[in-house]
Amino acid sequence: MDLSTAMRTAGAVRAFTDDVVDDATIAAILDDARFAPSGSNRQGWHVVVVTDRGLRRRLADLMVPVWSEYTAQVRLGETAFSAVRPTAADLEAARTEHQPNPLLDDIETIPVVLVVGVDLRALAVLDKDTGRPSIVGGASIYPFCHNILLAARARGLGGVMTTLITRVEAAVRPVLGLPDTHALAGMLFLGVPVHRPTRLRRRPVEEFATIDQFDGPPLAAPQPTGSG
């Protein structure tokens, strides 16, 4: 499929068939994804393909309380784990309240589970001294993660990424043998979708793009050209 179609139909997929995704397909997806941009082309990513069912369960069990924290905040109408507004949720109590999550509850049967880490030594974090939460370092790892999802979509697969695992990085570190020099970026689930993705809905360009200033005039979306 062409790139525009892939981007417009690569919605989050959380339900998969039992079809097996073989190692050759996983390798081909990563072979495409590795052409993602990264600062100074350092390519600091590392992918763990998690196949062991017991290991998957251990990782899911570590993430379940994080999911419960997340849903507790969402139920209050909050942006979960916001760096701007403090939460009103009792996260300590929320951790003990199991909330259903098919990806975590059935992680043993997900066709492909990938954990993506990044070598912190490879990141140029230009905003690390700004006094606010840093976001710039992600520019050298998340394009790679998105490329994985696009490469999967191009092969008729679907997938989704979660960053729940990053909140329990300290506990996951010995489980996966994560080096002290590395951090977790996220976990990706891939497989054959139960329901094929359809064209996604997003805000139009003129709602988020402005000229010269944040409060400047909107950038007009391109209009279809006539045939005659």
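Residues numbered from 1 in each chain as written. Predicted model: local features only at pLDDT ≥ 70, side-chain atom pairs only at ≥ 80, totals over all residues. Heavy atoms only, no water.

Helix and strand content of the protein chain: seven helices and four strands. Order of helices (α) and strands (β) in the protein chain, N terminus to C terminus: α-α-β-α-α-α-β-α-β-α-β. The buried share of the protein chain, reckoned over its 228 residues, is 39%. Accessible area for the protein chain stands at about 13700 Å²; split by element, carbon and sulfur atoms hold 54% of it. (Helix = DSSP H or I, 4+ residues; strand = E, 2+ residues; numbered from the N terminus. Buried < 20%, exposed > 50% of the residue type's maximum accessible area, 1.4 Å probe, protein only. Areas by Shrake-Rupley, 256 points an atom, 1.4 Å probe, with all protein chains shown as cover.)

Next up on the list: the layout of surface pockets. Taken as a whole, the largest pocket spans an internal volume of roughly 470 Å³. As for the largest pocket, its lining consists of 19 residues, of which Tyr70, Met161, Thr162, Thr163 and Leu164 are closest to the centre. When residues of the lining of the largest pocket are traced back to their parent elements, those giving at least two are helix H3 (53–75), helix H5 (102–105) and strand E3 (158–162). Taken together, the residues of the lining of the largest pocket sort by class into 13 nonpolar, four polar and two charged. In this structure, the second largest pocket encloses a volume near 390 Å³. Residue lining of the second largest pocket: Ser4, Met7, Arg8, Ala10, Gly11, Ala12, His146, Arg199, Leu200, Arg202 and Arg203, and that is the complete set. No other element matches the three residues that helix H1 (residues 3–9) contributes to the lining of the second largest pocket. For the lining of the second largest pocket, a count of residues per class yields four nonpolar, three polar and four charged. (1 Å grid on protein atoms, 1.4 Å probe; cavity = no way out; pocket = protein on both sides within 12 Å on 5 of 7 lines; lining within 4 Å. Points joined across faces, edges and corners; volume = space filled by probe spheres on them. Nonpolar A, V, L, I, M, F, W, Y, C, P; charged D, E, K, R; others polar.)

A complete count under the given rule lists one cavity of 30 Å³ or more for this structure. In this structure, the largest cavity occupies an estimated 50 Å³ of space. Every residue along the wall of the largest cavity is listed here: Thr9, Ala10, Gly11, Val13, Leu149, Arg153, Leu157, Gly158, Gly159 and Pro197. Looking at the lining of the largest cavity, the elements with two or more residues in it are helix H6 (142–154) and E3. Each residue belonging to the lining of the largest cavity can be placed in one class, and the counts come to five nonpolar, four polar and one charged.

Okay, the sheet that holds E3 next. The four strands lie next to each other as E1-E2-E4-E3, forming an open sheet whose pairing is antiparallel. Among the strands making up the open sheet, the edge pair consists of strand E1 (45–49) and E3. If you compare each strand with its neighbour and ignore which way they point, the axes differ by 25 degrees on average. Strand contacts of helix H7 (residues 169–176): E1, strand E2 (112–119) and strand E4 (182–191), with the helix running at about 75 degrees to E4, the strand carrying the most contacts. (Pairing = 2+ DSSP bridges. Axes fitted to C-alpha atoms, helices over the stretch in contact; angles between N-to-C directions. Contact = heavy atoms within 4.5 Å.)

Our focus in this paragraph is the packing of helix H2 (residues 23–33) against H6. A packed helix pair is summarised by two numbers, namely the angle formed by the two axes and the spacing between the axes. Remark: H2 packs on H6, axes separated minimally by 8 Å, with the N-to-C direction vectors making an angle of 130 degrees. In terms of orientation, H2 lies oblique with respect to H6. As H2 runs across H6, the sense of the crossing is right-handed. Here Ile29, Leu30, Asp32 and Ala33 of H2 come into contact with H6, specifically with Phe144, Asn147, Ile148, Ala151 and Ala152. Here the contact of H2 with H6 is built from residues that sort into seven nonpolar, one polar and one charged. (Parallel < 35°, antiparallel > 145°, perpendicular 65-115°, else oblique. Left-handed = near helix turned anticlockwise from the far one by under 90°.)

Turning to H2, a few remarks are in order. Along H2, the residues classified as buried are Ile26, Ile29, Leu30 and Ala33. Projection of H2 onto a plane perpendicular to its axis shows the buried side chains occupying an angular sector of 95 degrees, all on one side. On its buried side, H2 packs onto E1, E2, H6 and E4. (Arc of directions from axis to C-beta.)

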